[in-house]
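# Fold and geometry: a report
What follows is the residue order along each chain.
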Amino acid sequence: SSDLFAGAVVLIVLALGGVAYAVRLPSVTISTVTVDGVKRGDADRIKEEVNSVLDGTYMLVVPKRLTYAVPQGSLTASLIQTFPEVAGVTVDRVGQQTLNVHILEREPAALWCVGGGSCYVMDAYGFIFDTAQGTTGLRVYHGRVDSPIGSTYLDGGFHDFDTLVNRLEGATNRRINDVTVDPNDDVFARFVEGGEVRFVRTTDTEALIQTLSSIVASSAFQTKKGLEYIELRFANKAVAKFKE
């Protein structure tokens, strides 16, 4: 019986050795990685990260470079975690030995800036993913975070807030240049044309827009020049202040 056991062990070892050899044959392993879709990021660094993941193994036997066992989920998770500008990843085999990695990058929607002037790019959901790199023409939001890249402005509430700011522009027929939200959720939205509108971020949106529209439609607002501010933070005290 001991001989049979020893023989079985030998057969298992030989089988495993055969499998280990077969799954490492050049004809069935990924030898080339290509990356496309990169505009803001670094394609070479992304390729290095992909190769780093592929250099691993399953159970110390099967290489992750095996054409039929590429870990797409692990690749996607690793790239999104390592590169903040990456929003999505598509992995496709080209033949038996080439892997193409298509990168979907985050699109700039607004700038997030600190008091000292350093600015970063946010996507439409407030995720801060890159330095501004000369990006212009985007609305600016101010905040206080020591290391903003990888964080989310307004804890996920940015998309709805930015939509509200767009509606404020429509209601006033003025363009908002930059916005500050203080720790009490008081908002100061400054117009390109001068002046600002002040309101509380948690205020009911429809009520806010209705009140603002009423002020803008008033004859006093239509005839006076030099707007300083529209104050909407206090109940029953909506007012527009102009320079004397």
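Presented here is a report on the structure given in the accompanying data block.

The rules we used
- Residues numbered from 1 in each chain as written.
- Predicted model: local features only at pLDDT ≥ 70, side-chain atom pairs only at ≥ 80, totals over all residues.
- Heavy atoms only, no water.
- Helix = DSSP H or I, 4+ residues; strand = E, 2+ residues; numbered from the N terminus.
- Buried < 20%, exposed > 50% of the residue type's maximum accessible area, 1.4 Å probe, protein only.
- Contact = heavy atoms within 4.5 Å.
- Pairing = 2+ DSSP bridges.
- Axes fitted to C-alpha atoms, helices over the stretch in contact; angles between N-to-C directions.
- Disulfide = S-S within 2.5 Å.
- Core = buried A, V, L, I, M, F, W, Y, C linked by side-chain atoms within 4.5 Å.

## Section: the environment of P71
You can see P71 is positioned in the loop between strand 3 (62-63) and helix 3 (72-82). For P71, a relative accessible area of 8% gives the class buried. Between the C-alpha atom of P71 and that of V53, which follows or precedes it by 18 residues, the distance is 8.3 Å. Excluding residues within four positions of it along the chain, P71 makes contact with V53, L54, Y58 and K64.

## Thoughts on the sheet that holds strand 5 (residues 98-105)
The strand order across the open sheet built from three strands is 1-5-4, with neighbouring strands paired in mixed fashion. Looking at which strands have only one partner, the edges of the open sheet turn out to be strand 1 (32-36) and strand 4 (86-94). Here the average twist between neighbouring strands, direction ignored, is 20°. As defined by bridge partners, strand 1 adjoins strand 5 across five bridges and the pair is classed as parallel. Within strand 5, the residue paired with V35 across the bridge is V101. Packing against the sheet, helix 2 (residues 43-54) makes contact with strand 1, strand 4 and strand 5, and its axis sits at approximately 140° to strand 1. Sheet strands touched by helix 3: strand 4 and strand 5. Its angle to strand 4, the strand with the most contacts, is close to 145°.

## Details of the sheet that holds strand 12 (residues 196-200)
As summarised here, the arrangement of the nine strands in space is 8-7-6-9-10-11-12-13-14, forming an open sheet in which the pairing is mixed. Edge positions in the sheet fall to strand 8 (128-131) and strand 14 (239-242), since each of these pairs with one other strand and no more. When strand polarity is set aside, the average angle formed by the axes of neighbouring strands in this sheet is 25°. In the sheet, strand 9 (residues 140-142) pairs with strand 10 (residues 176-181) via three bridges, with the strands oriented parallel. Within the sheet, the bridge partner assigned to V140 lies in strand 10 and is D178. Sheet strands touched by helix 4 (residues 158-172): strand 6 (110-113), strand 7 (119-122), strand 9, strand 10, strand 11 (186-191) and strand 12. Its angle to strand 10, the strand with the most contacts, is close to 135°.

## Topic: the state of the cysteines
This model, assessed by the stated rule, comprises one disulfide. What pairs with C113 in a disulfide is C119, and their sulfur atoms sit 2.0 Å apart. Across the S-S bond linking C113 and C119, the dihedral sits near 110°, which makes this disulfide right-handed. Exposure remark for C113: the relative accessible area of 4% places this residue in the buried category.

## A word on the side chain of S78
By secondary structure assignment, the location of S78 is in helix 3. S78 gets classed as buried once you look at its relative accessible area, which sits at 15%. Those residues in contact with S78 that lie beyond four places of it in its chain are E49 and V53.

## Points about the nonpolar core
Among the nonpolar cores identified, the biggest contains 32 residues, and Y141, F161, L168, V179, V197 and F199 are the most heavily contacted of them. At the level of elements, strand 6, strand 7, helix 4, strand 10, strand 11, strand 12, helix 5 (205-217) and strand 13 (227-231) are the ones that each hand at least two residues to this core. Sequence-distant contacts of F161, defined by excluding residues within four places in its chain, comprise Y141, L154, V179, V181, V187, F199 and R201. V35, I46, V89 and V91 belong to the second-largest nonpolar core, a separate cluster that totals 17 residues.

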